[in-house]
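Listed below are the residues making up each chain.
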Amino acid sequence: MISLRPCLLRGARLTALKVPPRSWDSHMHVVEPERYPVAANAMYQPSPHTVQDALSFESSLGIENVVLVQPSIYGTDNSCLLDALKEIGPSRGRGVVVIDPANIDAKTLNSWHSLGVRGVRVNLKSVGKVMDEGELAETLLQHAEVVRPLGWMIQVYVSLDMLPMLERIVPQLGTKVCIDHFGGPDLSSISLVAETPFDPYTLPGFSSMISLLRAGQTYVKISAPYRLSKDSQMRDLQAMAQEFLRVAPNRVLYASDWPHTRFDGINISPFTQSCLKWCAEKSGLAERIFRKNTEELMDGEHDN
């Protein structure tokens, strides 16, 4: 029996979302703690969200294809994600795993590639980890050495104020990089004044985010607004998203962040509708944000 949270389905039915055909949700998770126990040091205990739950949710938004991202609670044990990819199939699914680059072999990587894995994730923000520039560079370079032959990308979840370091590191990697959740801005102290436009360049690290997007190897996901903004109208995130879309429309990806771990009861439909509205001013932009950019990032043709 498929069990969907009623609020998610109800919200999706009430909102007439018209995402482009063959759209992708570029960032979502499957978690089954009874079948796949979470790591001993997991920051939270999730409720079950199965593959069938995920596909039913995506169908309610009109989305056909998904990118499964390894959540922090599973560490480097990608079993749940890989089994989900087997069930979904490589025509509809892609995956982003977490690895120890010092303990992984080419045979394993190639087998994962055949399932649809196209990237590795370095997640500092979810676990509250901070690195200096030397440590971050070493970590990312180690991952780049592993994934470069496969044509995979590196997905990074850090706080926005770390982006100046990333701006200096990315040119050394020789891989594409994707930055999670609007770049991870700290918007907690932002006071928005009615009818006064928000300037995202006042955020520490935003200029580096824009420079990375302009350079051509970096992508950003517009996703998880509830993790970032306290403004019910999302004026801060809207200003960020519109600047991303202006500067680099070919490197911005939509994502739902389903099942919204640690934020129970979220209805993502209004945010999805907002993303569609932000794309409406330019013909073909919604297809870019909801489909083509993800397909280009996740193509991952490798050298074998």
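Residues numbered from 1 in each chain as written. Predicted model: local features only at pLDDT ≥ 70, side-chain atom pairs only at ≥ 80, totals over all residues. Heavy atoms only, no water.

Per an unreviewed UniProt entry, the protein carries the name Amidohydrolase-related domain-containing protein and comes from Aspergillus wentii DTO 134E9.

1. Considering the pattern of salt bridges
Note the cut-off: A side-chain nitrogen of Lys or Arg and a carboxyl oxygen of Asp or Glu constitute a salt bridge if their distance falls within 4 Å. Residue exposure (1.4 Å probe, protein chains only): buried if accessible area is under 20% of the type maximum, exposed if over 50%, otherwise partly exposed.
Scanning the entire structure with this criterion turns up 11 salt bridges. For the salt bridge of R235 with D231, the shortest nitrogen-to-oxygen distance reads 3.1 Å. Residue classification places R235 among the partly exposed residues on the basis of a relative accessible area of 29%. In this structure, a network of salt bridges that share partners links the residues E287, R291 and E295.

2. So, the packing of helix α9 (residues 269-279) against helix α10 (residues 285-297)
So the rule is basically this: To obtain an axis, a line is fitted to C-alpha atoms, over the contacting stretch when the element is a helix, and the angle between two such axes runs from 0 to 180 degrees between their N-to-C directions. Helix numbers and strand numbers start at the N terminus; a helix is a DSSP run of H or I with at least 4 residues, a strand a run of E with at least 2. Roughly parallel refers to an angle under 35 degrees, roughly antiparallel to one over 145, roughly perpendicular to one between 65 and 115, and oblique to any angle outside these ranges. The sense of a crossing depends on the near helix, which, turned anticlockwise from the far helix by less than a right angle, makes the crossing left-handed and, turned clockwise, makes it right-handed. Contact criterion: two residues are considered in contact whenever any of their non-hydrogen atoms come within 4.5 Å of each other.
Direction vectors running N to C along α9 and α10 enclose 135 degrees, while the axes themselves pass 7 Å from each other. Taken together, α9 and α10 sit at an angle that is classed as oblique. Judged by the sense of rotation from one axis to the other, the crossing of α9 with α10 is right-handed. In this structure, α9 contributes T272, C275, L276, W278 and C279 to the contact, and α10 contributes L285, A286, I289 and F290.

3. As for the packing of helix α7 (residues 206-215) against helix α8 (residues 235-247)
Our working definition: Charged means Asp, Glu, Lys or Arg here, nonpolar means Ala, Val, Leu, Ile, Met, Phe, Trp, Tyr, Cys or Pro, and polar covers whatever is left, Gly included.
One way to put it is that α7 packs onto α8 with a least axis distance of 10 Å and a crossing angle of 30 degrees. The orientation of α7 relative to α8 falls into the category roughly parallel. The crossing of α7 and α8 is right-handed. Where α7 approaches α8, its residues F206, M209, I210, L213 and R214 are matched on the opposing element by M240, E243, F244, R246 and V247. Each residue belonging to the contact of α7 with α8 can be placed in one class, and the counts come to seven nonpolar, no polar and three charged.

4. Here we look at the packing of aromatic side chains
We count it as follows: Two rings from Phe, Tyr or Trp (for Trp, the six-membered ring) form a pair when their centres are within 6.5 Å of each other. A pair whose planes differ by under 30 degrees is stacked, one over 60 is edge-to-face, and the rest are tilted.
Under the defined criterion, the tally for this structure stands at nine aromatic pairs. Summarising the aromatic geometry, the rings of F57 and W258 are spaced 5.6 Å apart at their centres and angled 20 degrees between planes, so their arrangement reads as stacked. Within this pair, whereas F57 is found in helix α2 (residues 51-61), its partner W258 is found in the loop between β8 (252-254) and α9, the two being separated by 201 residues in sequence. The exposure classification of F57 matches that of W258, with both residues buried. Centre to centre, the rings of Y201 and F206 are 4.9 Å apart; their planes meet at 90 degrees, and the pair counts as edge-to-face. An aromatic cluster is present here, built from F182, Y201, F206, F244, Y254, F271, W278 and F290 joined pairwise through their rings.

5. A closer look at the UniProt feature "domain: Amidohydrolase-related" (unreviewed entry) in the protein
Under the convention used in this document: UniProt positions are given in the numbering used here, feature names are shortened, and annotations may be inferred rather than shown by experiment.
Residues annotated by UniProt as "domain: Amidohydrolase-related" (unreviewed entry) correspond here to residues 24-265. Counted over residues 24-265, helix gives 31% and strand 16%. Its end C-alpha atoms are 22 Å apart.

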